[in-house]
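# Structural characterization, general
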Amino acid sequence: MKTGLAIAGVAALLMGLLWIGQGLGYVQWPASSFMLDQRPWALRGAILAVIGVGLLIYARRRG
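Notes on the structure follow. Quantities reported herein were computed from a predicted structural model and do not represent experimental measurements.

### Considerations on the overall build of the chain
Of regular secondary structure, the chain possesses two helices and zero strands. Taken along the three principal axes of its C-alpha coordinates, the chain extends 40 × 20 × 15 Å. Taken over 63 residues, the chain has a buried fraction of 27%. Contacts in the chain between residues at least 24 apart in sequence constitute 48% of all its contacts with a sequence separation of at least 6. About 4,400 Å² of surface is accessible on the chain, with carbon and sulfur atoms providing 69% of the total.

Dropping the structure here:
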């Protein structure tokens, strides 16, 4: 269970960081993405990244 939570936390954190980069226009990949330079995706990415950090902290304390 601890490993699964940690993997989910890392995945959520990395995906959130990607969404932030795309939403702010720093990451232009993939070139045809609808998320590029769209500020709402930066906010959603920040929320997802915080959830990912929370999962990592919870997984670490659970062990």
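### Looking at the packing of aromatic side chains
A complete count under the given rule lists two aromatic pairs for this structure. Taking the centre distance of 5.8 Å and the plane angle of 70° together, the rings of Phe34 and Trp41 count as edge-to-face. The buried category is assigned to Trp41, whose relative accessible area is 19%. One aromatic cluster is present, formed by Trp19, Phe34 and Trp41 through successive ring pairs. A cation over a ring is seen here: Arg44 above Trp41, with NZ or CZ 4.7 Å from the ring centre.

### Describing helix α1 (residues 2-24)
Since there are 3.6 residues in each turn of an α-helix, residues three or four apart along the chain are aligned in direction. In a regular helix each residue adds 1.5 Å, so 23 residues correspond to 33 Å; α1 covers 33 Å between its end C-alpha atoms and thus fits that length. Along its buried surface, α1 packs onto α2 (39-62). Looking at the residues trailing α1, positive phi occurs at Gly25, about 85°.

### Overview of a nonpolar patch on the surface
A grouping of Val10, Leu14 and Leu17 is seen on the molecular surface, where their side chains present a nonpolar patch of about 270 Å² in accessible area. One can find Val10 in helix α1.

### Comments concerning the environment of Met1
With respect to the secondary-structure elements, Met1 resides in the segment before α1. Relative accessible area serves as the criterion here: at 70%, Met1 is assigned to the exposed category. For the pair formed by Met1 and Ala59, sequence separation is 58 residues and the distance between their alpha carbons is 8.2 Å.

### A short note on the side chain of Ser33
For Ser33, the location among the structural elements is in the loop between α1 and α2. From its side chain, Ser33 meets the backbone nitrogen of Met35 in a polar contact 3.1 Å long.

Here is what the cut-offs are and how they apply
- Residues numbered from 1 in each chain as written.
- Predicted model: local features only at pLDDT ≥ 70, side-chain atom pairs only at ≥ 80, totals over all residues.
- Heavy atoms only, no water.
- Helix = DSSP H or I, 4+ residues; strand = E, 2+ residues; numbered from the N terminus.
- Buried < 20%, exposed > 50% of the residue type's maximum accessible area, 1.4 Å probe, protein only.
- Contact = heavy atoms within 4.5 Å.
- Areas by Shrake-Rupley, 256 points an atom, 1.4 Å probe, with all protein chains shown as cover.
- Phe/Tyr/Trp six-rings, centres within 6.5 Å; stacked < 30°, edge-to-face > 60°.
- Lys NZ or Arg CZ within 6 Å of the ring centre and 35° of its normal.
- Expected span 1.5 Å × (residues − 1).
- Patch = residues over 30% accessible without salt bridge, like charges linked within 9 Å, V, L, I, M, F, W, Y side chains within 5 Å.
- Salt bridge = Lys/Arg side-chain N within 4 Å of Asp/Glu carboxyl O.
- Polar contact = N/O pair within 3.5 Å; in protein donor to acceptor, adjacent residues only side chain to side chain.

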